[in-house]
Amino acid sequence: MRALLQRVSQASVSIAGQEVARIGPGLLVFVGIEKNDSRADADRLLHKLLAYRIFPDAQGHMNISVSDAGGGLLLVSQFTLAADTSRGLRPGFSTAMPPGEAESLYDYLLSEAARLHPEVNSGRFGANMQVALVNEGPVTFLLES
């Protein structure tokens, strides 16, 4: 499981011109689910996401997590993060989990995030989404479970 996380001052997701999710300061997280991922992987990734210290403390050092900062969490499924880009000029998607299984695991990740964090929003699995964001820093990290 891969997560591309960006520290944002705001982010939103729209589908067909209709805004479906929005956060203020917090984390925008794109989630890619691979074939062998499990609920245990989702749990590890979520724990790391919520505890990852990438927000500035009073001295301006990255020392505070999204949980400590009280920021929002916007999760967006993105199967292209599970792509194999090691060869050629076209990504391969044989490493991505099939959509039905991936959606179930993504839903589990969302429900656990909502249980553990006060502000969780999401895009819609499998939809053509337009994501708008203001990256603070910029600060972007790729996490893997």
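Everything below is about the structure shown above.
Undergrad: An account of the packing of helix 1 (residues 39-51) against helix 3 (residues 99-116) is requested, with residue identities and associated values reported.
TA: Relative orientation of the contacting elements helix 1 and helix 3 amounts to 40°, with a least axis distance of 10 Å. Taken together, the axes of helix 1 and helix 3 are oblique relative to one another. In this structure, helix 1 crosses over helix 3, and the sense of that crossing is right-handed. Contacts from R39, A42, D43, L46 and L50 of helix 1 reach helix 3 at L105, Y108, L109, E112, A113 and L116.

Undergrad: A description of the side chain of S12 should follow, citing residues and the corresponding values.
TA: In this fold, S12 is placed in strand 1 (residues 2-15). Exposure remark for S12: the relative accessible area of 8% places this residue in the buried category. Sequence-distant contacts of S12, defined by excluding residues within four places in its chain, comprise E19, A21, R22, L74, Q130, V131 and A132.

How each quantity is defined
- Residues numbered from 1 in each chain as written.
- Predicted model: local features only at pLDDT ≥ 70, side-chain atom pairs only at ≥ 80, totals over all residues.
- Heavy atoms only, no water.
- Axes fitted to C-alpha atoms, helices over the stretch in contact; angles between N-to-C directions.
- Helix = DSSP H or I, 4+ residues; strand = E, 2+ residues; numbered from the N terminus.
- Parallel < 35°, antiparallel > 145°, perpendicular 65-115°, else oblique.
- Left-handed = near helix turned anticlockwise from the far one by under 90°.
- Contact = heavy atoms within 4.5 Å.
- Buried < 20%, exposed > 50% of the residue type's maximum accessible area, 1.4 Å probe, protein only.

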